[in-house]
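Chain and residue survey
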Amino acid sequence: MTKTEVLKKLAEQLDLTQADTEKLYDSFVDGATTLLAMNKGFTLPGLGSFHSEVRAEHRSYNPHYKQMMMIPPKKVVHFNQSSTLKAEINEENDEQ
Amino acid sequence: MSNKVTYAEIIEALSRTTGFSKQKSEAFAKALIAEVKAELQETGKASITNFGSFKVKEVAERQGQNPQTGEPITIPAHKRVTFTPYKALREEVNAKYAHLESELIGEKKEKPETKSGAASAIFEEEKLPDPDLETDDVVKEEPKSFKRKEHARGNNTGLIMVAVLVLVIVGLASAWFLLRTDDPAQTAMNTSSETKASSQNETTAKQEPVSEETESPQNPELAGQTSSETAKDGNIYQVKEDEWYWVISRNAYGKAHFWPLIFEANFNRDTHPDSLETGTLLKIPALSGTPDNLTAEDYARLASGATLVSSAYENFGKLDKAKEYARYADKWNRNSQ
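Residues numbered from 1 in each chain as written. Chains lettered and ligands numbered in written order. Predicted model: local features only at pLDDT ≥ 70, side-chain atom pairs only at ≥ 80, totals over all residues.

1. As for the overall build of chain B
For chain B, the helix and strand inventory stands at 14 helices and nine strands. Counting only residues that meet the buried cut, chain B has 33% of its 337 residues in that class. Partitioning the intrachain contacts of chain B with sequence separation of at least 6 by distance along the chain shows that 62% fall at a separation of at least 24. (Helix = DSSP H or I, 4+ residues; strand = E, 2+ residues; numbered from the N terminus. Buried ≥ 20, exposed ≤ 12 C-beta atoms within 10 Å, placed from the backbone. Contact = placed C-beta atoms within 7 Å.)

Now the structure itself:
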């Protein structure tokens, strides 16, 4: 589903114009990104929690050079599914 | 946790930046989350543009153990939702570390301890002699003839042909100089040729090794009997664990790509350039210029080093790498003229 489709649907549900919905959407994504960049985690109820972590410098084998390489530290986003989402997803699994 | 932001705070911030009421903002967030969930249920995939995508993954049944009792349990097959951040988010989050790059730290493979007889003879002897005793008179005659042999063997490509030609010229010129020094009557003339050679020093790179030879006090007998290739002002370096030519070259010169110099001073084309054993003693040839301001002589040596590396790679069937270093050799050759 594309962003426009999502916006259209949300705009209908919320009784807002699509432009307004897009504004909300963009600032929501922007805020979430900024939070993660600032090392702040957050939870979206019913979906899961996000947080960022520094992955430490480590050695790893590079198959191209066939050698060990030192991989520099990197900050990455982690996601944890919420228990409700987990239950819902697996419930659906059982039904099928 | 202190570094967590609550949902209420997010909604508040959202309503502040957009100017909508908190209720509207919360309704939006809820609707968005519901949308993502519904899509995950339906298609197993969902995405938030510019943020990331969610995907339902199947997890196979596996054995685990109860962390409290240590009792083995079977975790049944289930599904879980994974999140993949998009590039925009990834880069934003990683901005602080974005400049870092991974680097080669060494070799896990066993290095074949020099294959050719001649090479191993030189290799063993080079560890024995005291660098102070052998000094500079040992000179470069030995490595040069040695080098020429190597190149003569691998003259498949036109580039190497050119290199061989250059080396033959250099070899003939140096032989001529050696003959002259043998004759004591010619000593006076030799000094004059020395000055001539050093004046050529700046102009022609090809003559470079020759002039270097004449500058150092010649002792043909010593040069003949010993096969040690102690480089001029060279340092001996012992390879530490997981170190590779790049690392050593960077430590020695500040430039990782000068490593063919080290390779050339120590090995021949029968040594695999991607192998280096811990504890090997390496000679680190000194540059006549500075790493940032190379002389024509340095470029010529870099070029011949790269040619050697190229032919060594070719020898081991690594044609793409051979081509790459042939290009380097070409470039440095042009710089040396």
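That shown, we press on.
2. Considering the overall build of chain A
If you tally the helices and strands in chain A, you get three helices and five strands. Ordered by position from N to C terminus, the α and β elements of chain A give α-α-β-β-β-β-β-α. Within the span of chain A, comprising 96 residues, buried residues form 23% of the whole.

3. So, the confidence of the model for chain B
Low-pLDDT portions of the prediction should not be read for the details of their coordinates. Residues and elements named next belong to chain B. Across chain B, the average pLDDT comes to 71, with 67% of residues at 70 or higher. Predicted confidence is poor over residues 193-233, with pLDDT under 50, and the contacts of this stretch with residues over four places away or in other chains come to 83 contacts. Our summary of model confidence lists the complex with pTM equal to 0.45 and ipTM equal to 0.86. (pLDDT = per-residue confidence, 0-100.)

4. What to know about the packing of helix 1 (residues 3-14) of chain A against helix 2 (residues 22-43) of chain B
It is at 10 Å that the axes of helix 1 of chain A and helix 2 of chain B come closest, and there the two elements cross at 130°. By the criterion of interaxial angle, the relationship of helix 1 of chain A to helix 2 of chain B is oblique. The crossing of helix 1 of chain A and helix 2 of chain B is right-handed. For the pair helix 1 of chain A and helix 2 of chain B, the contacting residues are Val6, Lys9, Leu10, Gln13 and Leu14 of chain A in the first and Ala27, Phe28, Ala31, Leu32 and Glu35 of chain B in the second. Class assignment for the residues of the contact of helix 1 of chain A with helix 2 of chain B results in seven nonpolar, one polar and two charged. (Axes fitted to C-alpha atoms, helices over the stretch in contact; angles between N-to-C directions. Parallel < 35°, antiparallel > 145°, perpendicular 65-115°, else oblique. Left-handed = near helix turned anticlockwise from the far one by under 90°. Nonpolar A, V, L, I, M, F, W, Y, C, P; charged D, E, K, R; others polar.)

5. Quick word on the interface of chain B and chain A
Listed per partner, the contact involves 51 residues of chain B and 50 residues of chain A. Looking at the side of chain B that touches chain A, the elements that each hand over two or more residues are strand 1 (4-5), helix 1 (7-18), helix 2, strand 6 (78-85), helix 3 (87-93) and strand 7 (103-106) of chain B. With 13 residues, helix 2 of chain B is the largest single contributor of residues to the side of chain B that touches chain A. Residue composition of the side of chain B that touches chain A, grouped by class: 27 nonpolar, 11 polar and 13 charged. In this structure, strand 1 (residues 41-44) of chain A lies alongside strand 1 of chain B, joined through two bridges in parallel fashion. Bridge assignment links glycine 41 of chain A to a residue of strand 1 of chain B, and that residue is lysine 4 of chain B. (Pairing = 2+ DSSP bridges.)

6. What to know about the sheet that holds strand 6 of chain B
Residue and element names in this part refer to chain B. The antiparallel open sheet is built from three strands, whose spatial order is 2-3-6. If you trace the sheet from one side to the other, it starts and ends with strand 2 (45-48) and strand 6, each paired once. For this sheet, the mean inter-axis angle between neighbouring strands, taken without regard to orientation, is 25°. Sheet topology places strand 2 next to strand 3 (residues 52-59); four bridges connect them, and they run antiparallel. Bridging from a neighbouring strand, serine 47 pairs with serine 53 of strand 3.

7. Considering the packing of helix 1 of chain A against helix 2 (residues 18-37) of chain A
A packed helix pair is summarised by two numbers, namely the angle formed by the two axes and the spacing between the axes. Residue and element names in this part refer to chain A. Helix 2 packs onto helix 1 with a crossing angle of 110° between their chain directions and a minimal axis gap of 9 Å. Considering the angle they form, helix 1 stands roughly perpendicular to helix 2. Every residue of helix 2 that contacts helix 1 at Leu7, Lys8, Leu10, Ala11 and Leu14 is listed here: Gln18, Thr21, Glu22 and Tyr25.

8. Quick look at unusual backbone geometry
Although it is not a glycine, asparagine 39 of chain A sits at a positive phi angle of roughly 75°. Tracing the backbone shows asparagine 39 of chain A in the loop between helix 2 and strand 1. Here asparagine 39 of chain A falls in the partly exposed class, since 14 other C-beta atoms lie within 10 Å of it. One non-glycine residue with positive phi stands out, namely asparagine 50 of chain B, at about 70°. As for its placement among the helices and strands, asparagine 50 of chain B is situated in the loop between strand 2 and strand 3. When the 17 C-beta atoms within 10 Å are taken as the criterion, asparagine 50 of chain B is described as partly exposed.

9. Concerning the pairing of strand 2 of chain B
Residues of strand 2 of chain B alternate between two faces, with Ala46 and Ile48 of chain B buried on one and Lys45 and Ser47 of chain B left unburied on the opposite face. The turn joining strand 2 of chain B and strand 3 of chain B, which pair antiparallel and follow one another in sequence, is formed by three residues; a positive phi near 70° is taken by asparagine 50 of chain B.

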